[in-house]
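Structure assessment
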Amino acid sequence: MSDSTAIAHGGHAAPDNTHAGGHEHPAYLRHHFENVEQQADAAGFAMWLFLLTEVMFFGGLFTAYLIYRNWYYPAFVEASHQLNIFWGTLNTAVLITSSFTMAMGVWCAETRKQRGLVLCLVLTFILGLGFLGIKTVEYKEKIEKHHVPGFHYSLSSFTDPVSDPEIYKEYHDKPLALDMARHTEVYFSLYFAMTGMHALHMIIGIAILGFMIFRARAGAYTSGHVTFVENFGLYWHFVDIVWIFLFPLLYLISRHQ
Amino acid sequence: MSATIVSLPDQSTARIPKMNFITKENGLLSWLLTGDHKRIAVLYIISLTFFFFIGGALAGLIRLELLTPQTDLMAADTYNKVFTMHGVIMVFFFLVPSVPATLGNFLIPLMLGAKDLALPKINLLSWYLYVAGGALAIYTMASGGVDTGWTFTTPLSTHYVNTNVLTTGLAVFIAGFSSIFTGLNFIVTIHKMRCPGMTWFRMPLFVWAHYAASILMVLGTPVVAIAIVLVALERTIGIGVFDPTKGGDPLLFQHLFWFYSHPAVYIMILPGMGVISETISTFSRKRVFGYTAVAFSSVAIAVFGFFVWAHHMFIMGISNYAVLVFSLLTMLVAVPSAIKIFNWTFTLYKGSITFETPMLYTFGFMGLFTIGGLTGVFLGTSGTDIHLTETYFIVAHFHFVMVGGMLMAFLAGIHFWWPKITGRMYPEKISQLAAVVTFIGFNFTFFPQFILGTLGMPRRYAAYPPEFQVLNVFSTAGASILGVGYLLPILYLTWSLKYGEIAGNNPWQATGLEWQTQSPPLTENFAVTPIMDHEAYDYEWLEKQREKEVASVG
């Protein structure tokens, strides 16, 4: 290591970009790292670990889904008919596109293209909001049909499928026995818990994106220090991947049985 | 005891170094906005002590109520709230962060030759989360309390009680994130911040133990977080995931809860084991016997720890096959713990043992943890578990591990590194007395509870049949001795801040990098980035260093 490490200098990186040893360091190198590589390495590793905790967080919900799906298979099949494939597919497309724009954003930051970065972040921001908008449309449908678990939960779509002509026309569901029909509530509990947690992660992501757009316009990420953009990109892709699992599990599998 | 390894500088000339992490900046804000791992550790020590005393006071109330068979001090539902808050505060606000957040925070960068933890701001954030969670827990207690037990078992917590389950759950949720961030920070630091020459197998075993505990924090805590979220949704909206009337399974909650909370007991004990590895080597003047085995046994505990959770549910209606498998796996986790105990014992063999306070606590740890661990094997055996579970045997078992093990290790560590943290020695004689008092008080308190448990006294009741009174009186009397044992260190350690002897860099002649710098250390720990050119616990290297120093000064 260079001599500069030998000098115990307090506080954060010196404003004049140089240490007392006269050794050049970029201003963004935090005082406790030896060099830029170590700092970027540590930040990236920390982000991956954080995503690992997120995997465990969603893991609890996926476990519950797995168990109840096996127990209450007919209820899960009929309840999944209530989900709108069109909106779900559209949302998947929106989200994958947002991941693409985010990846482009990271590339722009690495190649120091400030205008490109701002554009990509704004696009990602808009697509994220679009996803939440579509999700709201879907949630509204559920609320109107009383498919939100709790006191007002209604079983009529499952005990008497003909009363729900739109779905009946397409799937010709047989009426479920009362005790099985009641388990559709567990399906919707998991649907709301899983997509709700996912949406919460989207909202947090969009808030951070808003902050990043401001900083990017000031040129914060296009001067070589791209760690933050890269790590946020990882987060955004992770949220995307969670949806890639949610979409088939909730909307697609066993739909036509 | 004349034999001692303590070597202090000449008190007439010695001074605390003018420049150190405490004197660097002044004012409350410089502490509340600090990024320095050592200052954050000090913040943790102060706040942890506060919560320990609240939890301890509640324990005192429990023991007072149990002095007589009737419910005379408090009503049964108040008693339920008291033991619940005792559990919540002691588990989530004392034991889980105890050694990692204080000593781990202070020492890991020092031991690795780094300037700080990898993520100083996240470190500070985790302290604020801890304080926020703790404040919420105290608020919960003041505004009516909660009476589900610290386990929040469904459907009791979701359907039947009308107390502050939500706010307590939120408090635990917030504290959980504090724990996740601490663990994450440690893992990143251990991977990326080691000084030149500090290979994985040159790290002190303290760091290995924290590495293993951090894995548990990072992987386990999110699962309890989601379990708490689901309890909250169940309680507020009634989503039915844990509600049998809607097809949910209350047992699923216990699976999710214990998937964290069993590893959590290893989060609580592993850092303590790390402390013991350091003290036992220093006060035997020997390298820890079987260094590699002790290092890997920490990781093995972390890995096995994830596959034993259902032993908390043997009588809850899981299948016989599950009982069989989890019973077997539970036996397996005893192996790495035993490896540690045996290796520490072999470290003592032919060592030059001295009996300073940290070593007394260490001996206390080894004896009590062994009893606590072996009674755990009784409970892992499904046949005896059916008889003993939900009795005082369980209470005695986990208090032997947590209080007899972890708290002893915490006190050993606090005494051992006190000179490094403050630059001053604690008074030796009275602290040895405190260690002995703690040991005696502890045994008086908790050993009778093993007998009570085998006789069939159930836990979590305010009243009990009169024939159990004698042993309960023993236990309560022991608790008051134990209380004295815990008050003493607070008093004399505070006293020593001003009047203690100047410790110098290395009062114990220990080998860790943290002892090769000044006490208290500089803000960035080392004047020059150290280079690790020897194995851990290499006392010959230390001897050569001293000779070199003498030669160069002479």
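Residues numbered from 1 in each chain as written. Chains lettered and ligands numbered in written order. Predicted model: local features only at pLDDT ≥ 70, side-chain atom pairs only at ≥ 80, totals over all residues.

1. Some words on the overall build of chain B
Test applied: Labels follow the DSSP assignment, with helices taken as runs of H or I lasting at least four residues and strands as runs of E lasting at least two, numbered in each case from the N terminus. C-alpha atoms define the radius of gyration in this analysis, and the globule rule sets the expected value at 2.2 Å times the number of residues to the power 0.38. In this scheme every C-beta is placed from the backbone, and a residue whose C-beta has 20 or more other C-beta atoms within 10 Å is buried, one with 12 or fewer is exposed, and one in between is partly exposed.
Secondary structure assignment for chain B yields 17 helices and zero strands. The C-alpha atoms of chain B give a radius of gyration of 23 Å, which matches the 24 Å a tight globule of 554 residues would have. In terms of overall dimensions, chain B has a C-alpha envelope of 80 × 45 × 45 Å along the principal axes. Across the 554 residues of chain B, 55% fall into the buried class.

2. Details of the confidence of the model for chain B
Low pLDDT means the predicted atomic positions in that stretch should not be read closely. Filter applied, for reference: Note on scores: pLDDT gives the predictor's confidence for each residue, bounded by 0 and 100.
In this model, chain B carries a mean pLDDT of 94, and residues with pLDDT of at least 70 account for 99%. With pTM at 0.93, the complex prediction returns an ipTM value of 0.90.

3. Details of the domain arrangement of chain A
Residue and element names in this part refer to chain A. The following threshold applies: For the purposes of this description, domain bounds are those given by an automatic or database domain assignment. A residue pair is marked as a contact if its C-beta atoms, positioned from the backbone, fall within 7 Å. Here the nonpolar group is Ala, Val, Leu, Ile, Met, Phe, Trp, Tyr, Cys and Pro; Asp, Glu, Lys and Arg are the charged ones; every other residue, Gly included, is treated as polar.
Under the domain assignment used here, chain A contains domain 1 (1-34) and domain 2 (35-252). Relative placement of domain 1 and domain 2: their C-alpha centres are 42 Å apart. On the side of domain 2, six residues touch domain 1, which itself brings six residues to the contact. Looking at the side of domain 1 that touches domain 2, its residues break down into four nonpolar, no polar and two charged.

4. Observations regarding the nonpolar core
Our working definition: By our criterion, buried Ala, Val, Leu, Ile, Met, Phe, Trp, Tyr and Cys residues that link up through C-beta atoms within 7 Å make up a nonpolar core.
Counting 225 residues, the largest nonpolar core has A:Leu190, B:Leu112 and B:Ala227 as its most contacted members. No other element matches helix α8 (residues 205-236) of chain B, which puts 23 residues into this core. When sequence neighbours within four positions are dropped, the list of residues in contact with A:Leu190 reads A:Leu61, A:Ala64, A:Tyr65, A:Tyr68 and B:Val241.

5. Quick word on unusual backbone geometry
Residues and elements named next belong to chain B. Along the chain, Thr-154 connects to Pro-155 via a cis peptide bond; the corresponding omega equals 0°. Of note, Pro-155 is situated in the loop between α5 (120-142) and α6 (156-160). Cis geometry marks the peptide bond from Ser-519 to Pro-520; its omega dihedral reads -10°. Its place among the elements puts Pro-520 in the loop between α16 (469-499) and α17 (539-553). Phi at Arg-460 takes a positive value of approximately 65°, unusual for a residue other than glycine. Position of Arg-460 relative to the elements: it lies in the loop between α15 (428-455) and α16. Classification of Arg-460 as partly exposed rests on a count of 14 C-beta atoms within 10 Å.

6. What to know about the interface of chain A and chain B
Facing the 34 residues of chain A at the interface are 38 residues of chain B. Those elements that provide at least two residues to the side of chain A that touches chain B are α1 (36-71) and α8 (184-217) of chain A. In terms of residues, the side of chain A that touches chain B owes the most to one element, α1(A), which gives 17 residues. In the side of chain A that touches chain B, the residues fall into 20 nonpolar, ten polar and four charged.

7. A look at the confidence of the model for chain A
Residues and elements named next belong to chain A. Across chain A, the average pLDDT comes to 88, with 90% of residues at or above 70. For chain A, per-element mean pLDDT is lowest for helix α6 (residues 165-171), which scores 86, and highest for helix α3 (residues 85-110), which scores 96. Of the regions scoring below 50 in pLDDT, residues 1-22 engages in 38 contacts with residues more than four places distant in sequence or in other chains.

8. Regarding helix α2 (residues 73-80) of chain A
All names here are of chain A. Buried residues dominate α2, accounting for six of its eight residues. Regarding α2, the residues found buried are Ala-75, Phe-76, Val-77, Glu-78, Ala-79 and Ser-80. Lining the buried residues of α2 we find α1, α5 (156-159), α7 (178-182), α8 and α9 (227-252).

9. Focus on the packing of α5(B) against helix α7 (residues 165-192) of chain B
Residues and elements named next belong to chain B. What counts here: The convention used is that axes are lines fitted to C-alpha atoms, helices contributing only their stretch in contact, and that angles between N-to-C directions extend from 0 to 180 degrees. By definition in this entry, angles of less than 35 degrees are roughly parallel, angles greater than 145 are roughly antiparallel, angles of 65 to 115 are roughly perpendicular, and the rest are oblique. Here a crossing is taken to be left-handed if its near helix is turned anticlockwise relative to the far helix by less than a right angle, and right-handed if that turn runs clockwise.
Following both chains from N to C, one finds α5 and α7 inclined at 160°, their axes separated by 8 Å at the closest point. The pairing of α5 with α7 is recorded here as roughly antiparallel in orientation. As α5 packs across α7, the resulting crossing turns out to be left-handed. Only Thr-167, Thr-168, Leu-170, Ala-171, Ile-174, Ala-175, Phe-177, Ser-178, Phe-181, Thr-182 and Asn-185 of α7 make contact with α5, whose side of the interface consists of Ile-122, Asn-123, Leu-125, Ser-126, Leu-129, Tyr-130, Ala-132, Gly-133, Leu-136, Ala-137, Tyr-139 and Thr-140. Residues that form the contact of α5 with α7 fall into these classes: 14 nonpolar, nine polar and no charged.

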